[in-house]
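What the coordinates show
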Amino acid sequence: MEEEKAKKSLKAFLEASFYLFLAIALIYFVLAFVGQRTSVNGSSMYPTLEDGDQLIVEKFSYRFAAPKRFDIIVFNEMETGKKEPVHYIKRIIGLPGETIQITDGKIYIDGEELEENYGYYLHQEKMEGYDASEPVLIGEDEYFVLGDNRNDSLDSRKIGCKKKQDIIGKAVLCIYPFGKFGGIE
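Anyway, here's the lowdown on the structure attached to this text. (Residues numbered from 1 in each chain as written. Predicted model: local features only at pLDDT ≥ 70, side-chain atom pairs only at ≥ 80, totals over all residues. Heavy atoms only, no water.)

**Side note on the side chain of Lys90**
Our working definition: Strands are runs of DSSP state E lasting at least two residues, helices are runs of H or I lasting at least four, and both sets are numbered from the N terminus onward. Here's how the labels work: a residue is buried when its accessible area is under 20% of the maximum for its type, exposed when over 50%, partly exposed in between, all with a 1.4 Å probe on protein chains only. Neither His nor the chain termini are counted; the positive set is Lys and Arg, and the negative set is Asp and Glu. Think of a salt bridge as a Lys or Arg side-chain nitrogen and an Asp or Glu carboxyl oxygen that are within 4 Å of each other.
Summarising the element assignment, Lys90 is placed in strand β4 (residues 86-94). Asp155 provides the closest opposite charge to the buried, salt-bridge-free Lys90, at an N-O distance of 5.5 Å.

In structure tokens, the structure reads:
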């Protein structure tokens, strides 16, 4: 009788351990390859995203497809004096092989003015204090990124184009604050 109880207890313990291991492995897989949570720090993506917003970043699709213009991405950037990279959140404006020029606060891609229709232009008229008098040719595996709040954003104008390998993923869902819960345009 005692031996039978011990066997049942051991079996229950092993089953629980197995399911716990599966749950931990599944969580690891999701966080490593599918998605992760990140926070917005600062106002560079205002009004689309605000300081403190909590986002879900989808990391899977860029393994099979290239990022697209206007995707909001999260990427790593090494800051001076820090040992770990910092996550930045910006919008893709220029794609590999394109030439970008910013004149009088307007963006030109391959000589054509870029038409933008998201939050930035609802709140600001143009980028102040920045003109790229010389066109910038984007490399084969690079992307030119800007914050939506162009006058308060550390982006490709200062840190250069971002390589695809540095992109963590695409911001797809705002989960907090609850009033903003939903997909990100």
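**Looking at the environment of Lys90**
What counts here: By definition, residues are in contact when any of their heavy atoms lie within 4.5 Å. For this analysis, a polar contact is any N or O atom pair within 3.5 Å, provided that within protein one partner can donate a hydrogen and the other can accept it, and provided that sequence-adjacent residues contribute only side-chain to side-chain pairs.
By relative accessible area, which is 3% here, Lys90 ends up buried. With residues near it in sequence (within four places) discarded, Lys90 still touches Ser44, Met45, Asp71, Ile72, Ile73, Phe75, Val145, Leu146, Gly147, Ser153, Leu154 and Asp155. In this structure the side chain of Lys90 is engaged in a polar contact, spanning 2.8 Å, whose partner is the side chain of Ser44.

**Quick notes on the sheet that holds strand β5 (residues 99-103)**
The strands making up a sheet associate through hydrogen bonds between their backbones, and the pairing can be parallel or antiparallel. We count it as follows: Note on pairing: two strands pair once DSSP finds at least 2 bridges between them.
If you walk across this open sheet you meet the four strands as β7-β6-β5-β8, and the pairing is antiparallel. Whereas interior strands pair on both sides, the edge strands pair on one side only; in this sheet they are β7 (112-113) and β8 (136-137). Pairing analysis gives two bridges linking β5 to β8, with the strands arranged antiparallel. Across the sheet, residue Thr99 finds its bridge partner in β8, namely Leu137.

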